[in-house]
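# Report on the structure
For reference, the chains in residue letters:
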Amino acid sequence: MLHLYNSLTRKKESFTPREAGKVGMYVCGITVYDFCHIGHARMFIVFDVLFRHLQALGLDVTYVRNITDVDDKIIARAAQNNEPVDTLTQRYIDAMWEDEAALSVLRPTHEPRATAAIDDMIKLIEKLIDGGFAYAADNGDVFYSVAKFADYGQLSGRKLEDMRAGERVAVDQNKEDPMDFVLWKSVKPGEPSWSSPWGEGRPGWHIECSAMAKSLLGEQFDIHGGGMDLQFPHHENEKAQSEAAHGKTFARYWMHNGFVRVDEEKMSKSLDNFFTVRDVLEEYNGEEIRFFIVNSHYRSPLNYSTAQLDSSRAALQRLYTALRGTLNVPEKGVDQSAIDRFDEAMNDDLNTPEAFAVLFDLASDINKQSSPTTDEAIVLANTLRALGARLGLLQSDPDVALQAAPVKDGAMSAEQIDALIAERLAAREAKDWQRSDEIRDQLTDEGIVLEDANGKTTWRRG
RNA sequence: GGCUGAAUGGCAGAGUGGCUAUGCACCGGAUUGCAAAUCCGUUUACCUCGGUUCGACUCCGGGUUCAGCCUCCA
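Residues numbered from 1 in each chain as written. Chains lettered and ligands numbered in written order. Predicted model: local features only at pLDDT ≥ 70, side-chain atom pairs only at ≥ 80, totals over all residues. Heavy atoms only, no water.

### Notes on the overall build of chain A
When helices and strands are tallied, chain A shows 16 helices and 15 strands. Seen through its C-alpha atoms, chain A measures out along the principal axes to roughly 90 × 50 × 35 Å. Here chain A holds 462 residues, and 50% of them are scored as buried. Look at the contacts in chain A between residues 6 or more apart in sequence, and 74% of them connect residues 24 or more apart. Total accessible area on chain A stands at roughly 20,700 Å², and carbon and sulfur atoms take up 48% of it. Separation between the mean location of the 51 positive side-chain charges and that of the 75 negative ones in chain A comes to 3 Å. (Helix = DSSP H or I, 4+ residues; strand = E, 2+ residues; numbered from the N terminus. Buried < 20%, exposed > 50% of the residue type's maximum accessible area, 1.4 Å probe, protein only. Contact = heavy atoms within 4.5 Å. Areas by Shrake-Rupley, 256 points an atom, 1.4 Å probe, with all protein chains shown as cover. Lys, Arg positive; Asp, Glu negative; His and termini not counted. Charge placed at Lys NZ, Arg CZ, Asp CG, Glu CD.)

This is how it looks when you write it as structure tokens:
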């Protein structure tokens, strides 16, 4: 039985889909005006792990993750670059897909773009106005009236009075209440805009998600996810809009992933302390980055550091080392008790650290076998590969994985390495230990680690 | 100021009212020409002060520190 922490109730709850066997899941994606950083990667990977786990439980998952492709920052960046908005957004969407592929993130079922759903947004805003939950101001902006929605503040655990008391933003004179938020913004010169009953303009951010979720998942669905920082105001507003418009509970479970930090501080664009996925891929491969992220619980803060990535690399090497030399014979079956233990951990609100312990125990058991080709080793290795797949890891050929590293200029090629190993082998046969060690030292300097076993020498990148 | 959440061994990171997490690092042994990998073994812990309890790192309360949100943000 799957249990998930529901941000709405602030406790773990048993998960039952609203329709047996099917799950509708919506996750707030990114605003495409720059490259993805490790914080974005965490969101991609966390919900990818959930997507995979729900599927492993036999559920038919419709996973929607939107792309915000109209927004103040996008407009500003396009103007700065002197390029059309859609050229800019497409470039960063392509980059996002590249990054995701490197991190073994599965593509969601749907990746709707805000600009393709403007009509749905307008309809939703009209419905809110008709229902008395929104109003058009004289300047063409349309606002949501928070005072009209009794449950406002439920998701973020805030009271309207408290929020008003702590008001820190300059109040827009067009608003009836300082807490009201914009649904439709009237056009400003030079900005992209669409026609609407309130004149030319563009949608506010929150209404985008409400509209896209409704059109792809319906008025009510199972899981809504996103980063911790979206809980307020974005998700609170989204919930208020959708529930006011449709008169029913919007998402049944709300899930929020924790942040990636740098020096104990949130990684973000505005603090300028972010590392892009592609920068980190220069030094670490996608699987190492993915391991680093999955290695901690999705709700915990995760501190970014190269020491941690180095540790992830070492841990991954241990798992791949155990798989090295094992035969891939799926017919021999799997170790069900390990799978059960893994499922139990994952069913407990995606306890990936505990799930990892199962993988390491399997690796240990494989290593204890007299040979990697015994029936028992094959079963254990099958299990390790299968559970690795559940986390989006360990799907490479072990030798390839152990020898792969981001290629740097001037790095020694596999051919050069093999040639030196052959020369060393000859030296060793002649018991010329000095020459043998010289070659090994030379390779060590190149970051190549040699392992002599059973008369053969294998190498890996350290 | 308001609201959340967190504090575990050298580092990372789970978990449990009494019993080994796991990974990395360290130390001893086996193995190896020497290493590496692997195996065996050892060492290091639960922020603080009270309370509940036969017994608390684990439950309750106070405190301290840290982070997040309250403004665009995964």
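### Focus: helix H1 (residues 38-56)
The end-to-end C-alpha separation of H1 is 26 Å, in line with the 27 Å expected for 19 residues at 1.5 Å each. The element H1 is largely enclosed, with a buried count of 17 among its 19 residues. Remark: Gly-58 follows H1 within two positions and exhibits a positive phi of approximately 90°. (Expected span 1.5 Å × (residues − 1).)

### Some remarks on the packing of aromatic side chains
What describes a pair of aromatic rings is the distance from one ring centre to the other and the angle between the planes of the rings. In the structure shown here, the tally under the stated rule is 15 aromatic pairs. Considering the side-chain rings of Trp-184 and Trp-198, the 6.0 Å spacing of their centres and the 55° angle between planes classify their relative orientation as tilted. In this pair, Trp-184 sits in strand S7 (residues 181-186) while Trp-198 sits in the loop between S7 and strand S8 (201-203), placing the two residues 14 residues apart along the sequence. Taken as a pair, Trp-184 and Trp-198 share a single burial class, namely buried. Through successive ring pairs, a cluster of aromatic residues spans Tyr-26, Phe-221, Phe-250 and Trp-254. (Phe/Tyr/Trp six-rings, centres within 6.5 Å; stacked < 30°, edge-to-face > 60°.)

### Looking at the environment of Ser-300
Along the chain, the position of Ser-300 falls in the loop between helix H9 (286-294) and strand S13 (302-303). Between the C-alpha atoms of Ser-300 and Val-260, which are 40 residues apart in sequence, the distance is 9.0 Å. Sequence-distant contacts of Ser-300, that is, excluding residues within four places in its chain, are made with Arg-42, Gly-258 and Phe-259.

### What about the packing of helix H10 (residues 306-323) against helix H12 (residues 352-368)?
Here H10 crosses H12 at 45°, and the two axes come no closer than 9 Å. By the angle class used here, H10 and H12 are oblique. You can see that H10 and H12 cross each other, and the crossing is left-handed. Within the contact between the two elements, H10 uses Ala-315, Arg-318, Leu-319 and Ala-322 and H12 uses Leu-359, Phe-360, Ala-363, Ser-364, Ile-366 and Asn-367. (Axes fitted to C-alpha atoms, helices over the stretch in contact; angles between N-to-C directions. Parallel < 35°, antiparallel > 145°, perpendicular 65-115°, else oblique. Left-handed = near helix turned anticlockwise from the far one by under 90°.)

### A look at the sheet that holds S7
If you trace the four strands from one edge of the open sheet to the other, you get S5-S6-S7-S8, paired in antiparallel fashion. Each having just a single partner strand, strand S5 (134-136) and S8 make up the two edges of the open sheet. Taken over all neighbouring pairs, the strand axes of this sheet differ in orientation by 20° on average, direction set aside. Pairing of S7 with S8 involves three bridges; the strand directions are antiparallel. (Pairing = 2+ DSSP bridges.)

### Some thoughts on the protein's contact with RNA strand B
Residues in contact with RNA strand B amount to 61 residues; listed here are only the nearest, Lys-73, Trp-205, Gly-227, Leu-230 and Arg-440. Contact between RNA strand B and Gly-227: a sugar or linking oxygen at 2.3 Å from a main-chain N or O atom of the residue. A distance of 3.0 Å separates a base nitrogen of RNA strand B from a polar backbone atom of Asp-452. Element by element, the count of residues in the surface near RNA strand B is highest for H12, at eight residues. Looking at side-chain class alone, the surface near RNA strand B contains 18 nonpolar, 21 polar and 22 charged residues. (Near = heavy atom within 4 Å. Polar contact = N/O pair within 3.5 Å; in protein donor to acceptor, adjacent residues only side chain to side chain. Nonpolar A, V, L, I, M, F, W, Y, C, P; charged D, E, K, R; others polar.)

### Observations regarding the side chain of Glu-236
Looking at the element boundaries, Glu-236 is found in helix H7 (residues 231-246). Summary of buried charges: Glu-236 has no salt-bridge partner, and the nearest side chain of opposite charge, Lys-239, is 5.0 Å away. Excluding residues within four positions of it along the chain, Glu-236 makes contact with Asp-151, Tyr-152, Gly-153, Gln-154, Leu-155, Ser-156 and Gln-231. (Salt bridge = Lys/Arg side-chain N within 4 Å of Asp/Glu carboxyl O.)

### Re the pairing of strand S4 (residues 60-65)
Here six bridges tie strand S3 (residues 22-27) to S4, and the two strands are oriented parallel to one another. Along S4, the bridge assignment pairs Val-23 with Val-61. With respect to chirality, the unit in which S3 leads through H1 into the neighbouring parallel S4 is right-handed. (Right-handed = clockwise from strand over helix to strand, strands pointing away.)

### A few points about the pairing of strand S1 (residues 3-6)
The two faces of S1 differ: Leu-4 and Asn-6 on one face are buried, but His-3 and Tyr-5 on the other face are not. As paired elements, S1 and strand S2 (residues 11-14) share four bridges and run antiparallel to each other. In the strand pairing of S2, Tyr-5 is matched with Lys-12. Counting the residues between successive antiparallel strands, the hairpin from S1 to S2 contains four residues, one of them, Arg-10, with a positive phi of roughly 60°.

### Focus: the pattern of salt bridges
Across all of its chains, the model carries 32 salt bridges by this definition. Asp-99 is paired through a salt bridge with Arg-278; the nearest N and O atoms lie 3.0 Å apart. Of the two residues, Asp-99 is situated in helix H3 (residues 85-102) and Arg-278 in helix H8 (residues 277-280); the sequence distance between them amounts to 179 residues. Since its relative accessible area comes to 3%, Asp-99 is described here as buried. Among the residues examined, Arg-278 registers a relative accessible area of 24% and is labelled partly exposed. When salt bridges with common partners are traced through the structure, they connect Arg-65, Glu-100, Arg-107 and Glu-111 into a single cluster.

### Notes on the sheet that holds strand S9 (residues 221-227)
The strand order across the open sheet built from four strands is S4-S3-S9-S10, with neighbouring strands paired in parallel fashion. The open sheet is flanked by S4 and strand S10 (251-257), the only strands paired with a single partner. The average angle at which neighbouring strand axes cross in this sheet is 20°, direction not considered. Two strands pair when backbone bridges link them, and S3 and S9 are joined in this way by three bridges, in the parallel orientation. Pairing of Met-25 across the sheet is with Ile-223, part of S9. Where H7 meets the sheet, it contacts S3, S9 and S10, and its direction lies at approximately 155° from that of S9.

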